[in-house]
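# Inside the fold
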Amino acid sequence: MASLWKHPQSKYWVARFCDPTGKTRNRSTKETNRRLAQKIADSFEDATRKKRTIKQVREVIAALHQEITGENVQSPSFKLFISGWIKRKAPEVKASTLKFYEGTTKKFITFLGKLADVPMSEITVNHVVKYRNEQAEKLAARTANHDLKALKTIFRDALRDQAISEDPSANVIPVKPKKTETTVRRRAFTVEELKAVVSVADAEWKSMICFGLYTGQRLADIAGLKWENVDLKRGQIRLVTGKTEKVMLLPIAAPLRKLLVGRVVGPEAQPIHPNAFEVISRNTTASLLSAQFGRLLATVGLKEKKPHRKSAEGRDGARRGEALSFHCLRHTAVTFLKDAGIPQAAVMELVGHDSEQMSAHYTHVGFDALNQAAQALPDVFAAVE
């Protein structure tokens, strides 16, 4: 017969029983009621000897709990649990992180199909592994592992909340990058390359590129700018970055001011780049805008054109690294500033820090120093009509 013991610092009884090989096993019953804990312990031992499935053991334990306490311990469905989990996370994480959680859980719910509506305890390690493998086939390993990490967070919270008795993702490890996945180091644009891209861009993309180069900000942040963020009289742009939620007060470089002065300023609440703003409002990421910029690069021969027909790997094939992208305007700004002899602290403050650790490393830089840095950037738009 199985026995019980309790750790001095735990409120739960632990079942001690023998498996068919004679080895002693210890497993928490997650129960404070000794009578119920003993029955669960006996069920554990009986299950190991009769080689019952995990589902059968769960059903026995649920029946025992209901028999003794009169409470139904039916596990919520994954879909139901996620609905409450997302609401709880909303005030705890950044908006971008919440969007990521919403996106990755929708993908997992689609994968589960009908299983998303049955008790969450029915989800097994095999389901999580299969989902991980399917994601790894369609996406880069880094992206697939990022999704897996989110699922691990969800199941860990479900275990803590006693929505499940076991975490099916606990022992699922990340995937390794494929041999075909190459890491390409991003580089800065040359002046001639920038002029070539600008020459084929429409008015809105020309403005986006100008903002990207002369503020060093990310594509999603630039797409989300409204006229209320721009103060031409003071020569300032104020925004809150989506990734770090840092408040940025940026000087307007001369080439950017020239472009803005030539435009019709709309109402404060109106986006500066309407088409891009609509795209970023409908999607959780700037991926569609990145693809649009990629086509501009392909037009001038700075990126390989992707065929419209379906490739052997499918259109969902793992993304290849690209040496040039919109984010490289950020690298370009840093390169230009360093070449102009601008101090590192001013350079990092102008383009924004990626972490609190980076911010703490540099001393505070005044706006005058930032303005001096911004005006040191070359005007790559001067000869482009």
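Attention here is on the structure that accompanies the text.

Criteria and cut-off values
Residues numbered from 1 in each chain as written. Predicted model: local features only at pLDDT ≥ 70, side-chain atom pairs only at ≥ 80, totals over all residues. Heavy atoms only, no water. Helix = DSSP H or I, 4+ residues; strand = E, 2+ residues; numbered from the N terminus. Buried < 20%, exposed > 50% of the residue type's maximum accessible area, 1.4 Å probe, protein only. Contact = heavy atoms within 4.5 Å. Areas by Shrake-Rupley, 256 points an atom, 1.4 Å probe, with all protein chains shown as cover. Axes fitted to C-alpha atoms, helices over the stretch in contact; angles between N-to-C directions. Parallel < 35°, antiparallel > 145°, perpendicular 65-115°, else oblique. Left-handed = near helix turned anticlockwise from the far one by under 90°. Nonpolar A, V, L, I, M, F, W, Y, C, P; charged D, E, K, R; others polar. Arc of directions from axis to C-beta. Phe/Tyr/Trp six-rings, centres within 6.5 Å; stacked < 30°, edge-to-face > 60°. Pairing = 2+ DSSP bridges. Core = buried A, V, L, I, M, F, W, Y, C linked by side-chain atoms within 4.5 Å. Polar contact = N/O pair within 3.5 Å; in protein donor to acceptor, adjacent residues only side chain to side chain. Salt bridge = Lys/Arg side-chain N within 4 Å of Asp/Glu carboxyl O.

### Points about the overall build of the protein
Scanning the protein for helices and strands turns up 16 helices and 6 strands. Each of the 385 residues in the protein was classed as buried or not, and the buried ones make up 41%. When contacts within the protein are restricted to residue pairs at least 6 apart in sequence, those whose partners lie at least 24 apart make up 65%. Carbon together with sulfur atoms contributes 52% to the accessible area of the protein, which is approximately 22000 Å² in total.

### A word on the environment of Arg25
Structurally, Arg25 can be placed in strand 3 (residues 24-28). For Arg25, a relative accessible area of 37% corresponds to the partly exposed category. Sequence-wise, Arg25 and Ala2 are 23 residues apart; in three dimensions their C-alpha atoms are separated by 9.8 Å. When residues no more than four places from it in sequence are discounted, the contact partners of Arg25 are Ala15, Arg16, Phe17 and Asp19.

### Re the packing of helix 8 (residues 203-215) against helix 13 (residues 328-339)
At a minimum axis distance of 7 Å, the contact between helix 8 and helix 13 shows a crossing angle of 45°. The orientation of helix 8 with respect to helix 13, classified from their angle, is oblique. Between helix 8 and helix 13 the crossing geometry is right-handed. Across the interface between the two elements, Ile209, Gly212 and Leu213 of helix 8 pack against Leu329, Thr332, Ala333 and Phe336 of helix 13. Its residues assigned to classes, the contact of helix 8 with helix 13 shows 5 nonpolar, 2 polar and no charged.

### So, helix 10 (residues 254-261)
The set of residues buried in helix 10 consists of Pro255, Leu256, Leu259 and Leu260. The buried residues of helix 10 occupy an angular sector of 135° when projected down its axis, which confines them to one face. In helix 10, the exposed positions that point more than 90 degrees away from the buried face belong to Lys258 and Val261. Summarising the contacts, the buried residues of helix 10 are in contact with helix 8, strand 4 (230-231) and strand 5 (236-240).

### Examining the packing of aromatic side chains
One pass over the structure, following the stated rule, counts 12 aromatic pairs. Between Phe78 and Phe108 the ring centres are 5.0 Å apart and the planes differ by 75°, which places this aromatic pair in the edge-to-face class. Placement of the pair is Phe78 in helix 3 (residues 78-89) and Phe108 in helix 4 (residues 95-112), with a sequence separation of 30 residues. Judged by its relative accessible area of 0%, Phe78 falls in the buried class.

### What to know about the pairing of strand 2 (residues 14-18)
Looking down a regular strand, the side chains alternate between one sheet face and the other. One ladder, built from 3 bridges, connects strand 1 (residues 3-5) with strand 2; its direction is antiparallel. Within strand 2, the position partnered with Ser3 by the bridge is Arg16.

### Quick word on the sheet that holds strand 5
The 3 strands are arranged 4-5-6 in an open sheet whose pairing can be described as antiparallel. In the strand order of this sheet, the two ends are held by strand 4 and strand 6 (247-251), each with one partner.

### Comments concerning the nonpolar core
Counting residues in each nonpolar core, the largest one holds 54 residues, and the members touching the most others are Trp205, Ile209, Tyr214 and Phe293. The dominant element in this core, judged by the number of residues it contributes, is helix 8, at 7 residues. Leave out the neighbours within four places in its chain, and Phe293 touches Phe189, Val197, Trp205, Ile209, Ser325 and Phe326. Residues Tyr101, Phe108, Leu148 and Leu151 belong to the second largest nonpolar core, which totals 24 residues.

### What about the side chain of Asp157?
Relative to the assigned elements, Asp157 resides in helix 6 (residues 141-160). Setting aside residues no more than four positions away along its own chain, Asp157 makes contact with Phe81, Trp85, Arg88 and Lys89.

### Topic: the sheet that holds strand 1
Read across the sheet, 3 strands follow the order 1-2-3 without closing on themselves; strand pairing throughout is antiparallel. Each edge of the sheet is formed by a strand with only one pairing partner; in this case those strands are strand 1 and strand 3. In this sheet, neighbouring strand axes are inclined to one another by 30° on average, regardless of whether the strands run parallel or antiparallel. Examined bridge by bridge, strand 2 and strand 3 share 5 bridges and lie antiparallel to one another. Across the sheet, residue Val14 finds its bridge partner in strand 3, namely Ser28.

### Remarks on the environment of Thr110
Along the chain, the position of Thr110 falls in helix 4. Separated by 2.9 Å, the side chain of Thr110 and the backbone oxygen of Lys106 make a polar contact.

### Things to note about the pattern of salt bridges
Per the counting criterion, the structure on display carries 11 salt bridges. Measuring nitrogen to oxygen at the nearest pair gives 3.0 Å for the salt bridge that ties Asp161 to Arg88. Here Asp161 is found in the loop between helix 6 and helix 7 (191-200), whereas its partner Arg88 is found in helix 3, with 73 residues between them in sequence. Where Arg234 meets Asp231, a salt bridge forms, and the shortest distance between an N and an O atom there is 3.8 Å. Ionic contacts of the salt-bridge type, sharing partners, join the residues Arg88, Lys89, Glu92, Asp157, Arg160 and Asp161 into one network.

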